[in-house]
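Close look at the chain arrangement
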Amino acid sequence: AYGMFIHWGLYSQLGRGEWIQHIGQIPQAEYEKLTETFTAEAFDAQKIACLAKEAGMKYITITTRHHDGFSLYDTRGLSDYDAPHSAAKRDLVAEFVEGCRAEGIVPFFYHTTLDWRWQTPQLGEEGFEKYLDYLHASVEILCKEYGPIGGLWFDGNWSRQGDWKEDRLYGMIRKYQPEAMIV
C-alpha cells in the first residue's frame, strides 16, 4: 500500500534532521529547551490526512517518539518530556489518529527503541531493564489509548547488543492490537 511517513518532533524546529542532537553534539539541557518553543501551532492532522487521501495514500506513519526521547503523545505520568508538557500543551498523537480516522486513513506509529536521554547503548544491565520497563509502558499507552492502529514501526535495536525482550513487547502489543503490523 502507498502511504506517508512523517518524521517530526522537537528537532524539526532546527531544520537539520532528526539526528541533529546527536550529530551536532547538542547538550541534553540545551536541547530540552526546545520544548519551550514547540507550539505545534501549524500542526493540522486533518489537513495532513486529507492530503494523504487526495494523493491516494492508505496509511500514515508518524514519529510518536524519536531517539531524542521526546514524545508527541501524553505519556500519562511516565515522563514530562512530551507534547502536553511542551508549549504545544496537546496530545498530538490523539489529534493525528482523529485526523486519520476522519479521512479513512490508517494510523501507524513509529517509536524509537534507542533513547539518547537514557543513553541506552551505555546502560548497564540493571539500568537497561529499567529502560525496557519504561519503553514497554510507553508502547502500551500507544496500544491502549488510541483505538485500533495499523501497526508499530520500531527503530534502534541496532544500537545495542543484548536482549531487548521483544517477545514481551510484542506479546503486549498483540494483547491490545491483535491485527497491528510490527515492523
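Attention in this report is confined to the structure presented alongside it.

When helices and strands are counted, the chain shows six helices and five strands. Order of helices (α) and strands (β) in the chain, N terminus to C terminus: β-α-α-α-β-α-β-α-β-α-β. The C-alpha radius of gyration of the chain comes to 16 Å, within 12% of the 16 Å expected for a compact globule of 183 residues. With respect to the three principal axes, the spread of C-alpha positions in the chain is 45 × 35 × 30 Å. For the chain, the residues scored as buried account for 47% of the 183 residues in total. When contacts within the chain are restricted to residue pairs at least 6 apart in sequence, those whose partners lie at least 24 apart make up 73%.

Over its twelve residues, helix α4 (residues 92-103) extends 17 Å from the first C-alpha to the last, a length consistent with the 16 Å expected when each residue adds 1.5 Å. Residues L92, V93, F96, V97, G99, C100 and E103 constitute the buried set of α4. Taken end-on, α4 shows its buried residues confined to a sector of 165°, consistent with a single buried face. Of the surrounding secondary structure, the elements contacted by the buried residues of α4 are α3 (45-54), β2 (59-65), β3 (106-112) and α5 (125-145). Two or three places before V93, at the start of α4, stands the capping residue D91, its side-chain oxygen 3.1 Å from that residue's backbone nitrogen. The first or second residue beyond α4 is G104, which carries a positive phi of 75°.

The next point concerns the pattern of salt bridges. Throughout the structure, instances matching the rule amount to nine salt bridges. In this structure, the salt-bridge partner of E95 is R90, at a minimum N-O distance of 2.6 Å. Judged by relative accessible area, which is 23%, R90 ranks as partly exposed. A network of salt bridges, in which partner residues are shared, links E129, D163 and K165.

The next point concerns the nonpolar core. Ranked by size, the top nonpolar core spans 48 residues in total, and within it F38, I60, F109 and V139 carry the most contacts. Elements with a minimum of two residues in this core: β1 (3-6), α3, β2, α4, α5, β4 (151-155) and α6 (166-176). It is α5 that provides the largest number of residues to this core, a total of nine residues. Residues contacting F109, with those up to four places away along its chain left out, are T61, I62, T64, V93, F96, V97, L142, Y146, I149, G151, L152 and W153.

Let us now look at the state of the cysteines. One pass over the full model with this rule turns up zero disulfides. Here C50 is not cross-linked by a disulfide; its sulfur's nearest cysteine counterpart is in C100, at 12 Å. The partly exposed category is assigned to C50, whose relative accessible area is 27%. You can see C143 has no disulfide; the closest cysteine sulfur is in C100, sitting 16 Å from it. For C143, a relative accessible area of 3% corresponds to the buried category.

The strand order β1-β2-β3-β4-β5 describes an open sheet built from five strands, whose pairing is parallel. The outermost strands of the open sheet, each flanked by one partner alone, are β1 and β5 (181-182). Where β2 lies against β3, six bridges are found, and the strand directions are parallel. What sits directly across from R65, in β3, is H111. Against the sheet, α4 engages β2 and β3, with an angle of about 155° to β3.

The next point concerns the packing of α5 against α6. Running from N to C, α5 and α6 cross one another at 15°; their axes reach a closest spacing of 9 Å. Here α6 runs roughly parallel to α5, going by the angle between their axes. For the element pair α5 and α6, the recorded crossing hand is right-handed. Contact residues: L132, D133, H136, V139, E140, C143 and K144 in α5; R168, L169, M172, I173 and Y176 in α6. When grouped by side-chain class, the residues that make up the contact of α5 with α6 number seven nonpolar, one polar and four charged.

Moving on, we get to the environment of H111. Its place among the elements puts H111 in strand β3. Apart from residues no more than four positions distant in its own chain, H111 is found in contact with T64, R65, Y73, L135, S138, V139, L142, W153, F154 and D155. Within the structure, H111 has its side chain in polar contact with the side chain of Y73 (distance 3.1 Å).

Calculation notes
Residues numbered from 1 in each chain as written. Predicted model: local features only at pLDDT ≥ 70, side-chain atom pairs only at ≥ 80, totals over all residues. Heavy atoms only, no water. Helix = DSSP H or I, 4+ residues; strand = E, 2+ residues; numbered from the N terminus. Rg over C-alpha atoms; globule rule 2.2 N^0.38 Å. Buried < 20%, exposed > 50% of the residue type's maximum accessible area, 1.4 Å probe, protein only. Contact = heavy atoms within 4.5 Å. Expected span 1.5 Å × (residues − 1). Arc of directions from axis to C-beta. Polar contact = N/O pair within 3.5 Å; in protein donor to acceptor, adjacent residues only side chain to side chain. Salt bridge = Lys/Arg side-chain N within 4 Å of Asp/Glu carboxyl O. Core = buried A, V, L, I, M, F, W, Y, C linked by side-chain atoms within 4.5 Å. Disulfide = S-S within 2.5 Å. Pairing = 2+ DSSP bridges. Axes fitted to C-alpha atoms, helices over the stretch in contact; angles between N-to-C directions. Parallel < 35°, antiparallel > 145°, perpendicular 65-115°, else oblique. Left-handed = near helix turned anticlockwise from the far one by under 90°. Nonpolar A, V, L, I, M, F, W, Y, C, P; charged D, E, K, R; others polar.

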